[in-house]
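# Structural description and commentary
Here's the letter readout for the chains.
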Amino acid sequence: MIHTLLILFSLLTFSAHAAVQDFCVADLKGPQTPAGYTCKPAGTVTVDDFVSTGLRFAGNTSNIIKAAVTPEFAEQFPGVNGLGISIARLDLAVGGVVPMHTHPGGNELLLVTQGFVQAGFVSSANEVYVKTLEKGDIMVFPQGLLHFQVNAGGVTAVAFASFSSATPGLQILDFALFANDLPSKLVEATTFLDDATVKALKAVLGGTG
C-alpha cells in the first residue's frame, strides 16, 4: 500500500513539474489571443528575447502633444509575454501632455526620473485625484480609469510607467472622439460640444465625418 502511494505521489509530482513552463516568449508571427501571444519554440529563444534597449533614448516629442510614449509591451519586448508585466518610457517636452487615456488591460505605476509631472486620474464616481510629482515620486493609476500626465515645469520631464500586463492596451479619449470617422453630429450629441468646435478638433486630429 505504501509502495503504491509512493508511486502515485511520484507520478503526480512529475506531472506537476512537467506542466510548469518557465516562460512563454511571444511568437510575433503567430496569433495574439486574449491570453497573449502564442509561445516561440523553446529552441529558438535567446537571451535577446529577455533584454531590451528600447528605453535608452528619448522619444520624439515634435508632435501636437509635445510628448512621446515608448512602449515595451509584448509586441516590442517578447520576453514579457505571459508574465503580467511591461514598461514604457514617457518623455514630456515643456508644455507636453499625455491626454486623458485608459489602459483597459492593466494597472499603471509611474516613476518620475526627471523634471516635474502633474498627473491624475478620475474614479468611476467622478472623484479626481491629482498630484504634481518630482524626481523619485511614484503614482499609481488603477486599471481602466481615465488618467493623464502634464509637464509641470520648465524642463523636459521623463518618467517610466510599469504595467500589470504584458499588453495593457491604450485608448486616448481625444483620439477616440475626434481622430476617426464618427459623425460630428453624434460627437456633438454625446459631448454637448458645438458643431464648430467638433469640426475644428477633427481637423486638428485628422478625423472625418
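None of the values given here were measured: they were computed from a predicted structure.

Turning next to the pairing of strand β6 (residues 108-114). Two strands pair when backbone bridges link them, and β6 and strand β9 (residues 138-141) are joined in this way by four bridges, in the antiparallel orientation. Each bridged residue has a counterpart across the sheet, and for Leu-110 the counterpart in β9 is Met-139. Sheet topology note: the β6/strand β11 (residues 157-163) ladder contains six bridges and is antiparallel. Across the sheet, the residue bridging to Leu-110 is Ala-161, located in β11.

On to the nonpolar core. If you look at the biggest cluster of nonpolar residues, it comprises 20 residues, and the most contacted ones within it are Leu-92 and Leu-110. Elements with a minimum of two residues in this core: β4 (86-92), β6, β7 (116-122), β9 and β11. In terms of residue count, β11 provides more of this core than any other element does, four residues in total. Contact partners of Leu-110, with chain neighbours within four places excluded, come to Leu-90, Leu-133, Asp-137, Ile-138, Met-139, Phe-141, Gln-149, Ala-159, Phe-160 and Ala-161. Formed by six residues, the second largest nonpolar core is a distinct cluster that contains Ala-26, Tyr-37, Phe-77 and Ala-166.

Between the side-chain oxygen at the start of helix α4 (residues 195-205) and the backbone nitrogen of Ala-196 there is a gap of 3.1 Å, and the oxygen is on Asp-194. With its phi angle positive at about 90°, Gly-206 sits one or two positions after the end of α4.

Across a sheet, strands are paired by hydrogen bonds formed along the backbone, either parallel or antiparallel in direction. Strand order in this open sheet of five strands is β3-β4-β11-β6-β9, and the pairing throughout is antiparallel. What marks the edges here is a single partner per strand, and that holds for β3 (67-72) and β9. Within this sheet the neighbouring strands show an average axis-to-axis angle of 20°, counted without direction. Here six bridges tie β3 to β4, and the two strands are oriented antiparallel to one another. Note on β4: the bridge partner recorded for Thr-70 is Arg-89.

Take the packing of aromatic side chains next. Taken as a whole, this structure holds four aromatic pairs when the rule is applied. Both rings, one in Phe-23 and one in Phe-50, keep their centres 5.1 Å apart while their planes meet at 70°; by these two values the pair is edge-to-face. Taken together, the residues span a long stretch of sequence, with Phe-23 in the loop between α1 (2-19) and β1 (32-33) and Phe-50 in the loop between β2 (36-37) and β3 at a distance of 27 residues. Overall, the relative accessible area of 33% leaves Phe-23 in the partly exposed class. Exposure remark for Phe-50: the relative accessible area of 35% places this residue in the partly exposed category. Ring centres of Phe-121 and Tyr-129 lie 5.0 Å apart, and the angle between their planes is 25°; this geometry places the pair in the stacked category. For Tyr-129, a relative accessible area of 42% translates into the label partly exposed.

About the cut-offs
Residues numbered from 1 in each chain as written. Predicted model: local features only at pLDDT ≥ 70, side-chain atom pairs only at ≥ 80, totals over all residues. Heavy atoms only, no water. Pairing = 2+ DSSP bridges. Helix = DSSP H or I, 4+ residues; strand = E, 2+ residues; numbered from the N terminus. Core = buried A, V, L, I, M, F, W, Y, C linked by side-chain atoms within 4.5 Å. Buried < 20%, exposed > 50% of the residue type's maximum accessible area, 1.4 Å probe, protein only. Contact = heavy atoms within 4.5 Å. Polar contact = N/O pair within 3.5 Å; in protein donor to acceptor, adjacent residues only side chain to side chain. Axes fitted to C-alpha atoms, helices over the stretch in contact; angles between N-to-C directions. Phe/Tyr/Trp six-rings, centres within 6.5 Å; stacked < 30°, edge-to-face > 60°.

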